[in-house]
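Chain residues, written in single-letter form:
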Amino acid sequence: MINKERILNLFFELVRIDSPSLQEKEVAVCLHKKMEERGYTVTEDKAGELSGGNTGNLIVHVPATGEGTPIAFSAHMDCVHPCHGVEPIVEGDLVRSKGDTVLGGDDKAGIAMAIEALNHLEDESIPHPDVYFVFSICEESGMHGAKNIDTSLLPAKDIIILDSGGKVGSIVVAAPAKAGIMMNFIGKSAHAGIAPEEGVSAIQIAAEAVSKMNLLRIDESTTANLGHIEGGSVTNIVADSVSLTAEARSLHDEVLNKQLEHMESCCADAVKKIGGSYKFEYEISYPALHVPEDSTVLAKVEQACINIGLDPERGPTGGGSDANVLYGKGYNAVTLGIGMSKVHTTDEFIKMESLTRGAELVAEIMKS
Ligand SMILES: [Zn+2]
């Protein structure tokens with residue numbers, strides 16, 4: 001059986017360790033020690049050095065005790081702010097923070113489930129194939145752990161990411177690609193009172209471009225948003241520069257490209273109408289994720305849900321995660337709901353039952 005007290009103790013131990021993005025060393029040291037004491041091979045990759053963090057991703061290899069395809073489970077070690085001095089409290093069936101920090105169940109609940117699942121299999125001598133754990137860094141701030149992972153340390157092709165907010169039994173089968181966009185509008189400065197006709201207002205170019213852009217909800221799988229605008233100086237000078245940052249997301253890479261083309265063409269049209277020039281640059285932060293209908297790892301997860309009396313529920317998500325990045329690197333990535341709720345707020349909580357059911361599900365997927 002899943003040991004409720006043991007998983008709760010481990011979870012509490014982990015959330016009490018401060019681990020903002022790129023500062024995960026203390027929690028990494030704790031996990032490294034725990035895994036090595038049990039005789040598993042633990043390797044820290046170079047993702048920390050490559051992304052400016054104080055530790056890399058930890059990749060743990062638990063040798064097979066039975067048959068089956070090697071499988072990996074991943075959860076990230078970092079938390080969003082405010083996450084210093086987390087004091088977890090139990091309230092009925094809920095675990096939450098004292099209220100002045102996040103709980104850090106995102107994603108330490110995932111780590112605790114993975115380890116407790118393995119404890120359970122070992123307690124009962126239930127055989128399992130080669131199992132890998134990936135405890136990643138910096139998921140919350142650009143997924144730099146996953147982006148810089150040393151894939152030679154992770155030969156398992158099937159990877160289960162324990163990092164979604166849905167209830168235990170929910171399975172993320174699609175997640176959008178995201179583009180970060182930077183727009184610059186360049187006008188020409190002139191004295192606003194004496195010679196305004198010699199100027200080109202960058203603010204007017206930006207306004208013209210933005211007024212023509214399709215934004216926010218584009219279609220059921222595509223969104224776009226302007227995040228920050230900056231430019232101009234004083235009222236008696238025609239503004240010669242405006243910069244704008246934005247993002248666009250879509251479950252379909254080709255629709256995302258169309259949205260980017262549309263946004264750029266609004267900039268081009270504005271310059272044609274008002275004058276001046278523009279720069280439109282973007283970077284695809286991560287690709288869209290699609291779990292194919294006939295995915296064997298999806299079938300395995302759904303069967304495991306049924307085996308333990310859960311109703312598997314497939315669905316898309318609006319956010320990206322390590323799963324998108326690992327999928328982009330060729331892994332069969334499936335993300336599971338682990339029951340964490342109100343994440344990224346000081347009201348974050350997780351039900352005790354989610355912790356234990358999550359661990360039970362992971363154990364069921366893990367076994368041969
Ligand atoms: Zn997370």
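Residues numbered from 1 in each chain as written. Predicted model: local features only at pLDDT ≥ 70, side-chain atom pairs only at ≥ 80, totals over all residues.

Student: Which parts of the structure should I look at to understand the packing of helix α8 (residues 296-307) against helix α10 (residues 352-366)?
Tutor: To characterise two packed helices, one gives the angle between the axes of the helices and the distance between these axes. Relative orientation of the contacting elements α8 and α10 amounts to 125°, with a least axis distance of 9 Å. Relative to α10, the element α8 is oriented oblique. By crossing handedness, the relation of α8 to α10 is classed as right-handed. Along the contact surface, α8 presents Lys-300, Val-301, Ala-304, Cys-305 and Asn-307, while α10 presents Leu-361, Glu-364 and Ile-365. Among the residues making up the contact of α8 with α10, the classes are represented as 5 nonpolar, 1 polar and 2 charged. (Axes fitted to C-alpha atoms, helices over the stretch in contact; angles between N-to-C directions. Helix = DSSP H or I, 4+ residues; strand = E, 2+ residues; numbered from the N terminus. Parallel < 35°, antiparallel > 145°, perpendicular 65-115°, else oblique. Left-handed = near helix turned anticlockwise from the far one by under 90°. Contact = placed C-beta atoms within 7 Å. Nonpolar A, V, L, I, M, F, W, Y, C, P; charged D, E, K, R; others polar.)

Student: Explanation requested: the sheet that holds strand β4 (residues 88-91) in the structure shown.
Tutor: Paired through backbone hydrogen bonds, the strands of a sheet run either parallel or antiparallel to each other. Taken in spatial order, the 3 strands make up an open sheet running β4-β5-β17, and their pairing is antiparallel. The sheet is open, and its two edges are formed by β4 and β17 (349-351), each paired on a single side. Geometrically, the sheet is characterised by an average inter-axis angle of 25° between neighbouring strands, direction not taken into account. One ladder, built from 3 bridges, connects strand β5 (residues 94-97) with β17; its direction is antiparallel. When the sheet's bridge partners are listed, Val-95 is paired in β17 with Ile-350. (Pairing = 2+ DSSP bridges.)

Student: Which parts of the structure should I look at to understand helix α7 (residues 253-274)?
Tutor: The periodicity of an α-helix, 3.6 residues per turn, causes residues three or four places apart in sequence to face the same way. In a regular helix each residue adds 1.5 Å, so 22 residues correspond to 32 Å; α7 covers 32 Å between its end C-alpha atoms and thus fits that length. Buried within α7 we find Leu-256, Gln-259, Met-263, Cys-266, Cys-267 and Ala-270. End-on, the buried residues of α7 take up no more than an arc of 90°, which puts them together on one face. Turned more than 90 degrees from where α7 packs its buried face, Glu-254, Glu-261 and Lys-272 sit exposed. The inward-facing, buried residues of α7 abut β9 (177-186), α6 (202-212), β10 (216-219), β11 (222-231), β12 (241-250) and β13 (277-286). Where α7 ends, the next residue or the one after it, Gly-275, has phi of about 105°, a positive value. (Expected span 1.5 Å × (residues − 1). Buried ≥ 20, exposed ≤ 12 C-beta atoms within 10 Å, placed from the backbone. Arc of directions from axis to C-beta.)

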